[in-house]
Amino acid sequence: MIAYVARRLGSMLATMLVVGVVVFFVIHAIPGDVTSALLGAEASPAQIEALRKRLNLDQPVVVQFASWFGALLQGDLGQSTYMRTSVLGAIGQRLEPTGLLTLLATVIAVALGVGLGVIAAVRHNSIVDYGVMFIAMLGLSIPTFWLGLLMIMFFAVYLRWLPAAGYVALAESPIDTFRYLVMPAVALGFSQAAVIARMTRASMLDCLREDYVRTAHSKGLRRRRVVLRHALRNAMLPVLTVIGLSIATMAGGVVVTETVFNIPGAGRLVVESIQRRDYPVIQGAVVAVAFVYAFINLVVDLSYLGLDPRVRYS
Amino acid sequence: MSRVHSRLLVVSLFLSAFLVGGMVFGQATPRFGGTLKVAITGDPPTLDPHTSSAAIVLEVSSHALEYLYARDADGVVQPMLASALPEVSDDGLTYTISLREGVPFHDGHILDADDVVASLDRWRRIGFGKAYLANADIEAADAHTVTITLPAPIGVLTSVLGWTEGAAVIFTAAQIAEVGDGPIDAPIGTGPYRLKEWKRGQEVVFERFDGYVGVDAEASGDAGQKHAYLDSIRFIAVPDSATRQAGLESGEFDVNYRAAASDLEFINSSSNMYPWMMRPGYNYIALINHASPLMQNLEVRRALQAAIDVYPLALGAFGDDSVFALTPSIVPREYGAMANDEAGAELYDIGDLAEAKAILAASGYDGTPIRWLTSRDYDYQYRGTLIAVDQTSAAGFNGEIVVRDWATTVSIRSDPTAWDIFIGNFTIAPEPEMIAYLTSAYLNNYPGSEAFRSKMDELSRTSDLATRQALWADAQAAFYEDVGAIQMVNAFLLNAYASSVHVEARYFLFQAWNTWKE
């Protein structure tokens, strides 16, 4: 087991390095650099050239790569050219809002998705089942940004129940943190709830037809216990994989949500850094995202151990 | 009327006058306190105008940093950190600037000549001042007097020092010695607000500087008194314009900085907010790349100039004609003396297809596509380009629209072989010499016709106003004849304020002093 985890961690590191190399050359192939963002739209060609020299952007790409990769191997992601802060610090500062948003969206997606999926399966072919599937279809069809803007219009501008945009740190006021995150989390989690609901429903339907479920009923176990404790537990195996993928998808979709709701998270940082051509941040953020994806996969794989006693890793 | 009725009438009138007067003066009496939440377009790259001429840098940092001079609402240069306009020697080579005494910086240091010398020296070394003071001697004559000795007369030096976009801000000598030429991210200035905190990527927070000593003159434009009514100002980075507007409507923000023109109708109709048009804004022009072989053909340029119909183009680009003004004057009227609506006006906004076709036919144009560079990151650029291509196509031009994201667009603009025309907003100035696209060192590679360049050279050595106006009239006419660029409109900048926010004086660039909240 330990050897398995060690092997997975090793391959994660290798993945991150490969991703870093690829993204470095890809973004350096794109025209433009950070000087336009730093100097303003009307900087003279002389000013632009002087700044490029100062930032070593006039060096050959291979030289810039050697410098960056050498630092990366020592765990140093470098310094943001735009913000003049360490990349690790910049990403770290933004992990709280992104992490909380993703967590809250995941809770909403899982609670809503699993709950609706179980209800639909238990009430298979009823109006409840059709209603749940209709909601799931809406969730899959509505773009996150559109839902977000609609919610801002209704809950913030019209009803004034919730703030339109922004973020308050957890340390400042947890209640306000929740108030600022509830709309973005719903916007982000709703579409994934739909995916999870459909998977849960399909998986539950398979399990509810199994012999052991019929045996449990015939032994006189209460229906709720059979559904939740016996059927759902087995149905969760494929659902867990989908949840893992959903978390990864939400981590990507968080970019749009953070922009619409003006949350100073890692997703918005990446988008703005791409627009600004802030190479160190783009490179560092992509490597960090690769790590998160790989780590989530590892956690999902290890969680099978808890769910299914037959699973063994060596 | 009975005695009772007449007494009642008098009492009613008195009460009404009292109430109305109370309301009027109650609303007009500024309230000290509160925090102004300004939603801005993004995180500024720096708070150091010497290193970046981006508008957002100037507008945010101006709350903490001041200039030797500033422009009033009539565009006239007034003293700010200087005590008076400079004394200029008869030969125009020596400027003597006296400083106001007892002006504190945010760290308690009192302004002296060494601070000004260090700041101007840095400004000319790494900033906009390079074009004016590169070979000048800047010295402290005494603790409160600075002399600038020029190798040749410069007609606009005082004007440049008093122009916000010129960015000749004054730091302490100590801070400059400490930071050197790198960007100053924690500026120590003399302004009515000082930097409290900058959370990169999120917000810049200023708090009132209680020790502020301002100019004893009525507030006007960027000059005069700066009342710091607000306790603090938060400039919050909100890149999405719809989110900024929604935040203003919901009360999350007090100011929507750079509101979209498409929101103007709603803002005007709402009782909770009002628009604030910053004039003169920018010149929205078709910038021609004179390094392009195709664009070096004068007749091709003249045909383009004849084909462009300005009003429908600008309306399509901006969506509302309240946010722009058609004017042939390259220097805007709001900047005062050098505005000229007549010179070259016959070549402005021609919009005559028949004339354009005739000129094009005689030009020898071989159908080579004109490369119109644009970016969808700024929709007014993109839409204006689409319309311009449509208008010029009708005249017989072939057009190729090169659409890129903004960073790539700027990169392409720096390559003289890669584009022909770019439509966008360009900074304008009170003096023609200060307008970048009229110079020969800008990205449009404009050498200028003999007539234009000779007048501009003479202008740069002239400080007498009447002479300058006459020279500029000739130069502007020559610019139009040579089609240096295609002048279109003066585009204003739109901010939207919550109704509870009151602004005392009109300004050129955003300012939150002389501003209070109910």
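Residues numbered from 1 in each chain as written. Chains lettered and ligands numbered in written order. Predicted model: local features only at pLDDT ≥ 70, side-chain atom pairs only at ≥ 80, totals over all residues.

Details of the overall build of chain A
Inference 1: Scanning chain A from N- to C-terminus turns up twelve helices and zero strands.
Inference 2: Once the C-alpha set of chain A is aligned to its principal axes, its extents read approximately 85 × 55 × 35 Å.
Inference 3: Put simply, 74% of the contacts in chain A that link residues at least 6 apart link residues at least 24 apart. (Helix = DSSP H or I, 4+ residues; strand = E, 2+ residues; numbered from the N terminus. Contact = placed C-beta atoms within 7 Å.)

Concerning the overall build of chain B
Inference 1: Helix and strand counts for chain B stand at 15 helices and 19 strands.
Inference 2: For chain B, whose C-alpha radius of gyration is 25 Å, the value lies close to the compact-globule estimate of 24 Å for 518 residues.
Inference 3: The C-alpha extent of chain B, read off along each of the three principal axes, is 85 × 70 × 50 Å.
Inference 4: Burial status across chain B gives 54% buried among its 518 residues.
Inference 5: Partitioning the intrachain contacts of chain B with sequence separation of at least 6 by distance along the chain shows that 72% fall at a separation of at least 24. (Rg over C-alpha atoms; globule rule 2.2 N^0.38 Å. Buried ≥ 20, exposed ≤ 12 C-beta atoms within 10 Å, placed from the backbone.)

Thoughts on the interface of chain B and chain A
Interface size is commonly expressed as the accessible surface area that is lost when the partners come together.
Inference 1: Listed by partner, the interface residues are 33 residues for chain B and 36 residues for chain A.
Inference 2: Secondary structure elements with two or more residues in the side of chain B that touches chain A: α7 (241-250), α13 (406-413) and β16 (421-427) of chain B.
Inference 3: Grouping the amino acids of the side of chain B that touches chain A by side-chain chemistry returns 15 nonpolar, twelve polar and six charged. (Nonpolar A, V, L, I, M, F, W, Y, C, P; charged D, E, K, R; others polar.)

A look at the packing of helix α5 (residues 87-122) of chain A against helix α11 (residues 266-276) of chain A
Residue and element names in this part refer to chain A.
Inference 1: With their axes 7 Å apart at the nearest point, α5 and α11 run at an angle of 130° to one another. In this view, α5 runs oblique relative to α11, as classed from their interaxial angle. Taken together, the residues of α11 that come into contact with α5 (itself represented by A90, I91, R94, L95 and T98) are A266, G267 and L269.
Inference 2: Its residues assigned to classes, the contact of α5 with α11 shows five nonpolar, two polar and one charged. (Axes fitted to C-alpha atoms, helices over the stretch in contact; angles between N-to-C directions. Parallel < 35°, antiparallel > 145°, perpendicular 65-115°, else oblique.)

Considering the domain arrangement of chain B
Residue and element names in this part refer to chain B.
Inference 1: Looking at chain B, the domain boundaries give domain 1 (35-254 + 500-517) and domain 2 (280-492).
Inference 2: Taken over C-alpha atoms, the centre of domain 1 sits 30 Å from the centre of domain 2.
Inference 3: Facing 14 residues of domain 1, the contacting portion of domain 2 comprises 15 residues.
Inference 4: By residue class, the composition of the side of domain 1 that touches domain 2 is seven nonpolar, four polar and three charged. (Domains from an automatic or database assignment.)

As for the nonpolar core
Inference 1: If you look at the biggest cluster of nonpolar residues, it comprises 213 residues, and the most contacted ones within it are I196 of chain A together with V38, Y67, L68 and A286 of chain B.
Inference 2: Element by element, the count of residues in this core is highest for helix α8 (residues 174-208) of chain A, at 17 residues.
Inference 3: Both domains that furnish three or more residues to this core are identified here as domain 1 (35-254 + 500-517) and domain 2 (280-492) of chain B.
Inference 4: Those residues in contact with Y67 of chain B that lie beyond four places of it in its chain are M80, L81, L161, G162, A168, V169 and I170 of chain B.
Inference 5: Within the second largest apolar cluster, 30 residues are counted, among which are V34, A43 and Y279 of chain A together with V410 of chain B. (Core = buried A, V, L, I, M, F, W, Y, C linked by C-beta atoms within 7 Å.)

A word on the packing of α5 of chain A against α8 of chain A
Residue and element names in this part refer to chain A.
Inference 1: In contact at an axis separation of 4 Å, α5 and α8 are set at 35° when each is read in the N-to-C sense. The handedness of the crossing between α5 and α8 comes out as right-handed.
Inference 2: Here the residues of the contact of α5 with α8 sort into 25 nonpolar, seven polar and two charged. (Left-handed = near helix turned anticlockwise from the far one by under 90°.)

So, the pairing of strand β8 (residues 193-199) of chain B
Inference 1: Pairing geometry for β8 of chain B and strand β9 (residues 203-208) of chain B, over six bridges, is antiparallel. When the sheet's bridge partners are listed, W198 of chain B is paired in β9 of chain B with V204 of chain B. (Pairing = 2+ DSSP bridges.)

Section: helix α10 (residues 223-260) of chain A
Two residues of an α-helix separated by three or four positions point the same way, owing to the 3.6 residues in each turn.
Residues and elements named next belong to chain A.
Inference 1: For α10, built from 38 residues, the straight-helix expectation of 56 Å at 1.5 Å per residue is missed by more than 12%, its first-to-last C-alpha distance being only 44 Å.
Inference 2: Of all bends in α10, the biggest is about 50°, found at L232.
Inference 3: Of the residues trailing α10, N262 is marked for its positive phi of about 55°. (Expected span 1.5 Å × (residues − 1). Bend = angle between axes of the 7 residues up to and from the residue.)

Looking at the environment of A37 of chain A
Residues and elements named next belong to chain A.
Inference 1: Here A37 shows up in helix α2 (residues 35-39).
Inference 2: When the 25 C-beta atoms within 10 Å are taken as the criterion, A37 is described as buried.
Inference 3: Put simply, A37 and I243 are 206 residues apart on the chain and 39 Å apart in space, counted from C-alpha to C-alpha.

Focus on the sheet that holds strand β7 (residues 145-149) of chain B
All names here are of chain B.
Inference 1: Taken together, the four strands give an open sheet; going across it, the order is β4-β5-β7-β6, and neighbouring strands pair in antiparallel fashion. The outermost strands of the open sheet, each flanked by one partner alone, are β4 (87-88) and β6 (137-142).
Inference 2: By the bridge criterion, two bridges tie β4 to strand β5 (residues 94-98) in an arrangement that is antiparallel. Bridge assignment links V88 to a residue of β5, and that residue is Y95.
Inference 3: Relative to β6, helix α3 (residues 113-126) is tilted by about 175°, and along the sheet it contacts β6 and β7.

Some details on α11 of chain A
Residue and element names in this part refer to chain A.
Inference 1: The element α11 is largely enclosed, with a buried count of eight among its eleven residues.
Inference 2: Those residues of α11 that sit buried are A266, G267, R268, L269, V270, E272, S273 and R276.
Inference 3: After α11 finishes, the residue R277 shows a positive phi value of roughly 60°.

Concerning the pairing of strand β15 (residues 399-403) of chain B
Two faces belong to every sheet, and in a regular strand the side chains alternate between them.
Residue and element names in this part refer to chain B.
Inference 1: Direction of pairing for strand β14 (residues 370-374) relative to β15: parallel, over a ladder of five bridges. Across the sheet, the residue bridging to I370 is G399, located in β15.
Inference 2: You can see the chain leave β14, run along helix α12 (residues 379-394) and come back into β15, and the turn it takes is right-handed. (Right-handed = clockwise from strand over helix to strand, strands pointing away.)

Observations regarding unusual backbone geometry
Inference 1: At the junction of R279 of chain B and P280 of chain B, the peptide bond is cis and its omega measures out at 15° in the coordinates.
Inference 2: Take P280 of chain B: it is sitting in strand β12 (residues 273-288).
Inference 3: Residues other than glycine seldom take positive phi values, yet R84 of chain A does so here, at roughly 60°.
Inference 4: Along the chain, the position of R84 of chain A falls in the loop between α4 (61-73) and α5.
Inference 5: At N125 of chain A, a position not held by glycine, the phi torsion is positive, near 65°.
Inference 6: As for its placement among the helices and strands, N125 of chain A is situated in the loop between α5 and α6 (127-141).

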